[in-house]
Amino acid sequence: MTSTRITPPPVIRIAMTTAFAVVALTMAIAHPAEAATKPIDARNAGQISAAVAAPVSVSYNRATGAVSFLRVADGSQASLSTGSGSRDERARSFFASQSSLFGIRSAQSELAQLSETADNAGQRTITYQQYYRGLPVYAALLRAHFDNADRLHAVNGVFVPGITTDVQPAFDALTASRRAITYSGVRNNGEAGLSAGTPKLEIYRVGLDKGVAGPSVLVYEVEVSNGGEVHEFVFVDAHSGKVIDFAPGVFDALNRRAFIGTDGTAPANSPQAWPASPDWVEGNAIPSGIQERDNMLISTQDVYNNYKDAFGRLSYDGLDHVMDQAYNRDYQCPNASWNGNLISFCPGFTTHDVTAHEWSHAYTSFTHGLIYKWQSGALNEAYSDMYGEAFDQRRTLSGMVDTDTPNNGRTAAACSTLQLGVPREILVNSPGGLAGLYPSGQPSFGPNVVSPVTSNLVLAIDDGTTTADVNDACETTPLVNAAALAGKIAFVNRGTCSISEKTLHVQAAGAIAMILGNVSTSASPTLPSSAVCGTVPDCSGVTIPTLTLNLANADLFRAQLATPINATGRTPAGTNFDNSVRWLMGEDVAGGALRDMWNPVCFANPGKISDSAQYACDPGLTDNGGVHTNSGIPNHAFALLTDGGTYNGFTVNAIGMVKAMNLIFRAQTVYQTPASDFGDHADALEASCSDLVTAATSLPDPWGGPPQIMAAGDCTAVHQAILAVEMRNEPTFCNFQPLLAQNPPALCVTGFAYTTKLYDWEAGASGWTTSQIAVTPGTFDATPWSLDNSLPDSRPGQAFHGNDPAQGDCGADDESGALRLESPALKMPSGGMVPRIAFDHQIGTEASFDGGNLKVSTDGGTSYAVVPAASYTYNAPGLLTGPPTNTSPIAGEAAWNGTDGGTNSGGTWGRSIGTLSGQVAAGQSFRFRFDLGRDGCGGTNQGWWVDDVRVYVCTPDEGLLLDGFEDGNSSRWSQTVP
């Protein structure tokens, strides 16, 4: 199959959104889902079917409300377009006639054909890029699919409706590059040596990758890189200059080249530059004399052959591109990655499945180009796991360590005896005051705690000569009480040496297990612990298990150590084990497997959407929206499809590896687009299965078995697997809500609202003034409140905006300060009515540290008091962290802060309503001030927008005119609509 490269390649890590929920309106298959954004076309499934004269299945994009997938129901011979002409003409005719489903204004001017491809099922697909006034819309692709009878049987993809953005940028591309480099430098801990590619002007739909509503913004897309592990795409608002989002460009990763990675620097993004020449090229001998290099080369050949033999694809770009790879890299270890040009490995990571995983990121980049964030990013990770495990299971490679046995099928809900990431627990048997269960982690080395280990705990005592930490078992000399540890469980404090080194020291003293207790000077270990082998000494000599305790529980244990503690280290009850490596990802990596595709919860990953304890809502984007965690859901569906099984009340019949691989490959090359989420993946799998059944295509087995044919029963299995892992459901427990509630009540609960002053700032500042204060004036970069006429969410008009830049280092570059926006003098009437305030605003700041609030002054602006949270009846402010942790001038005050749920980049417009009762008396003069406080570092590059500030009272008489109010412009209140 030919293909078009859709997006620039990102970078992915081998380590471990809400995306578009699918609303199915179908006459054939019912897709259980929850509606999020209301469909932009109100017609139901029956009305759509009548309009296109065919029974159809319809899904909607959660972020835009436009149709994301529409196809003729299985078994129907109908076509979505009955006209004549070329395929392009018929597709455009359909999009024009059903334009309201997608929000298309002109199928001729807004849809530019990128490619027309044919596949081995006899189907042809035309891919269109959305354009708005001559500019491409990021990740907005529509596809028209014609079956082997040349009928238009499906359309799918992303079209962004309702764009009204001004396409004239306010500054040039060079300025955008500088701002993108500054942003990436701050985001990557002050990384220097960054450079930018040629910026691309386009329309960017904020929230599209996450599956939430957002504005369409004119942006410069800037590729920023340091030539190695910093490689990302930064989106700079071409009107305001703010960075509104970024997309990772590094994925944790026959003509081959090999490079040595120990030159002391990260590899250049151009493989020819790192190093100047390869140390192995195609045609050189294998074995080459370096095992890590041999592992990588042997595995790469297998990857190349599998993609070629199964799908006819030559290298990752389909054009037989040279496959560059680096081994024994000496940075950001332990890890492996694909950075857009080559894959690279830390020592111990050149295993069969990990190499296939990294190369599959490259194949993803050049096919569906899945955005590496939220559910599309989790799907990106899952695709690499699927191919990595498929290739590893089906062929054992000679010349390297490739543990593929035992490879027997696994029973439902069973973990593998060989995996180390399973959560553990410590049962204290005595003394009574401490008795009970305590959650524990287990490092990724040493023997698995399958059978319980029971004994008394003994503190490992050292002389403290090597490190400052007491009793951390880091000393190389024998432990002071080594004899007392024999046959006991050693209790050891967290310290500066590696965990494996501690374990070896107590093991040498005869301990049968070790419990590692966290201390106040180190972070609480994640449960389960992800600690890996120390390099000196190597952990391969560890023969006893190690368990970990968080700080709070470790302190409880330390307080009781003088009284013998008898405890049992064990796996939680109900955890079953199978002796099989099947579906373990990375079982040959130093330190053990990385994920379990058969039972993801064994590694604390979700096996279905409703696994709320495991599903990563990731509000801080620590893992790009949970890409390495939530990949467990599509991984699990693939394993169930391949081997069959009963899970979550659904029975899935096995279809085998060959059919399962062809399904996912067809989904990625025919139906999926960069913003595809789990629901889109479900649609793509079902459509792909239907296509293969209709075409009766012979599916080759790259491992030498007979060709296979997809049958109708296989599509039933696909549907059951989708239901079993709840692929179309929403993770509602993440509670991804806007920071500001979206359904404000009437301004007055009873009576009528009369407004004394409405500040909409359409004609200018209207007497409002701006200023700022700084904790350290010499380093504070002032970004004063200013009128902004390019508002988020395409809000019309203009409003005041205060920025929250991602600047500072909380040290030498201290950005602690506050931006102030002060009103002119106002005066309350003497009639005794309660003064009220309402305003619209949108905020997106660093949570807990940066934020904004409203203050009021009754002494002419000499002093201001915060309007307390209790005074608000709708959308009250939260609370900022107090000093000394927070160095903002408004630290500890009630303030709006943070971002919308599930994102770290911004918010949504909302209205706050409150009273000034108790702060402003009848007949009293007063002023307002909006303060936006920032601490010494960090930020979102978004900030706070304030609009339509309204001062009013509620009166029982609609016709009442109120005199006695002085605002500098009027002596009479004006009636407003509630």
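Shown above is the structure to which this text applies.
Treat the numbers as computed from the prediction; the structure is a model and nothing was measured.

(A) Broad picture of the overall build of the chain. Tallying secondary structure elements over the chain gives 15 helices and 50 strands in all. Among the 978 residues that make up the chain, the fraction classed as buried is 59%. In the structure as shown, the chain presents an accessible area of about 33,600 Å², 52% of it carried by carbon and sulfur atoms.

(B) Expanded view of helix 1 (residues 45–52). Of all the residues in helix 1, the buried ones are Ala45, Ile48, Ser49 and Val52. Burial along helix 1 is one-sided: seen end-on, the buried residues are contained in an arc of 100°. The N-cap residue of helix 1 is Asn44: its side-chain oxygen and the backbone nitrogen of Gly46 are 3.1 Å apart.

(C) Focus on the packing of aromatic side chains. In this structure the tally under the stated criterion is 37 aromatic pairs. Ring plane angle 80° and centroid distance 5.4 Å describe the contact between Phe95 and Phe102, whose orientation is recorded as edge-to-face. You'll find Phe95 and Phe102 in the same group, each marked buried. Between Phe311 and Tyr387, the ring centres sit 6.3 Å apart and the planes meet at 70°, which makes this aromatic pair edge-to-face. With a gap of 76 residues between them, Phe311 in helix 6 (residues 291–311) and Tyr387 in helix 8 (residues 374–394) connect regions that are remote in the sequence. For Phe311, a relative accessible area of 9% translates into the label buried. Members of the aromatic cluster, joined through ring pairs, are Tyr759, Trp761, Trp768, Trp785, Phe800, Phe839, Tyr872, Trp896, Phe930 and Trp944.

(D) The arrangement of unusual backbone geometry in detail. In this chain, Ile286 is followed by Pro287 through a cis amide linkage whose omega measures 5°. The topology assignment puts Pro287 in the loop between strand 16 (280–281) and helix 6. With an omega of 5°, the peptide bond between Ser430 and Pro431 qualifies as cis. Structurally, Pro431 is set in the loop between strand 21 (424–430) and strand 22 (436–440).

(E) Quick look at the state of the cysteines. One pass over the full model with this rule turns up four disulfides. In this model, Cys415 is linked to Cys602 through a disulfide, with the two sulfur atoms separated by 1.9 Å. On the sign convention where negative means left-handed, the S-S torsion of about -95° between Cys415 and Cys602 marks this disulfide as left-handed. Here Cys602 lies in the loop between strand 30 (595–596) and helix 12 (632–643) and Cys415 lies in strand 20 (residues 414–416), a separation of 187 residues in the sequence. Take Cys415 and Cys602: they sit in the same class, and that class is buried. A disulfide bridge connects Cys689 with Cys715, and the sulfur atoms are separated by 2.2 Å. Handedness here is read from the sign of the S-S torsion; for Cys689 and Cys715, about -105°, the answer is left-handed. Separated by 26 residues along the polypeptide, Cys689 in helix 14 (residues 678–695) and Cys715 in helix 15 (residues 712–724) bring together distant segments of the chain. Taken individually, Cys689 and Cys715 each receive the classification buried, so the pair is uniform in this respect.

(F) Structural view of the pattern of salt bridges. Throughout the structure, instances matching the rule amount to 37 salt bridges. For the salt bridge of Asp701 with Arg394, the shortest nitrogen-to-oxygen distance reads 3.7 Å. Highlighted residues: Asp701 in the loop between strand 33 (698–699) and strand 34 (708–709) and Arg394 in helix 8, separated in sequence by 307 residues. Owing to a relative accessible area of 35%, Arg394 belongs among the partly exposed residues under this scheme. Note that Glu425 is salt-bridged to Arg570, the shortest N-O span being 2.7 Å.

(G) Broad picture of the pairing of strand 46 (residues 894–897). Every second residue of strand 46 is oriented toward a common face, with Ala894 and Trp896 on one face and Ala895 and Asn897 on the other, all of them buried. Judged from the two bridges that link them, strand 42 (residues 851–857) and strand 46 form a sheet pairing that is antiparallel. Pairing of Gly852 across the sheet is with Trp896, part of strand 46.

(H) Geometry of the side chain of His153. Relative to the helices and strands, His153 resides in strand 8 (residues 152–157). For His153, the side chain forms a polar contact with the side chain of Gln123, separated by 2.8 Å. Look past the residues within four positions of His153 in its chain and what remains in contact with it is Leu70, Arg71, Val72, Leu80, Gln123, His145, Phe146, Asp147, Tyr671 and Asp691.

(I) Spotlight on the sheet that holds strand 27 (residues 566–570). If you walk across this open sheet you meet the seven strands as 22-21-27-23-24-25-26, and the pairing is mixed. Two strands bound the open sheet, and with one partner strand each, they are strand 22 and strand 26 (546–549). This sheet shows a mean twist of 35° between the axes of neighbouring strands, independent of strand direction. Sheet topology note: the strand 21/strand 22 ladder contains five bridges and is antiparallel. Note on strand 22: the bridge partner recorded for Val428 is Gly436. Contacts between helix 10 (residues 499–508) and the sheet are confined to strand 24 (489–493), strand 25 (513–517) and strand 26, with strand 25 contributing the most and set at about 135° to the helix.

(J) Geometry of the environment of Thr568. By the element assignment, Thr568 lies in strand 27. Judged by relative accessible area, which is 9%, Thr568 ranks as buried. Between the alpha carbons of Thr568 and Leu437 there is a distance of 9.5 Å; along the sequence they are 131 residues apart. Dropping the residues within four chain positions of it, Thr568 is found in contact with Glu425, Ile426, Leu427, Asn429, Pro452, Val453 and Thr454. Looking at Thr568, its side chain comes within polar contact range of the side chain of Asn429, at 3.2 Å. Only 2.7 Å separates the side chain of Thr568 from the side chain of Thr454, close enough to count as a polar contact.

(K) Up close: the nonpolar core. Ranked by size, the top nonpolar core spans 80 residues in total, and within it Trp359, Tyr387, Phe391, Phe638, Leu641, Met661 and Leu663 carry the most contacts. For this core, the element with the highest residue contribution is helix 13 (residues 656–671), accounting for 10 residues. Apart from residues no more than four positions distant in its own chain, Leu663 is found in contact with Leu641, Ile655, Leu685, Ser688, Cys689, Met710 and Val718. Ala180, Tyr183, Val206 and Phe246 belong to the second largest nonpolar core, which has 38 residues in total.

(L) Main features of the environment of Ala870. Relative to the helices and strands, Ala870 resides in the loop between strand 43 (865–866) and strand 44 (872–874). C-alpha of Ala870 to C-alpha of Thr915: the two residues are 45 residues apart in sequence and 9.3 Å apart in space.

Cut-offs used in this document
Residues numbered from 1 in each chain as written. Predicted model: local features only at pLDDT ≥ 70, side-chain atom pairs only at ≥ 80, totals over all residues. Heavy atoms only, no water. Helix = DSSP H or I, 4+ residues; strand = E, 2+ residues; numbered from the N terminus. Buried < 20%, exposed > 50% of the residue type's maximum accessible area, 1.4 Å probe, protein only. Areas by Shrake-Rupley, 256 points an atom, 1.4 Å probe, with all protein chains shown as cover. Arc of directions from axis to C-beta. Polar contact = N/O pair within 3.5 Å; in protein donor to acceptor, adjacent residues only side chain to side chain. Phe/Tyr/Trp six-rings, centres within 6.5 Å; stacked < 30°, edge-to-face > 60°. Disulfide = S-S within 2.5 Å. Salt bridge = Lys/Arg side-chain N within 4 Å of Asp/Glu carboxyl O. Pairing = 2+ DSSP bridges. Contact = heavy atoms within 4.5 Å. Axes fitted to C-alpha atoms, helices over the stretch in contact; angles between N-to-C directions. Core = buried A, V, L, I, M, F, W, Y, C linked by side-chain atoms within 4.5 Å.

Limitation: the analysis is restricted to geometry and does not speak to function.
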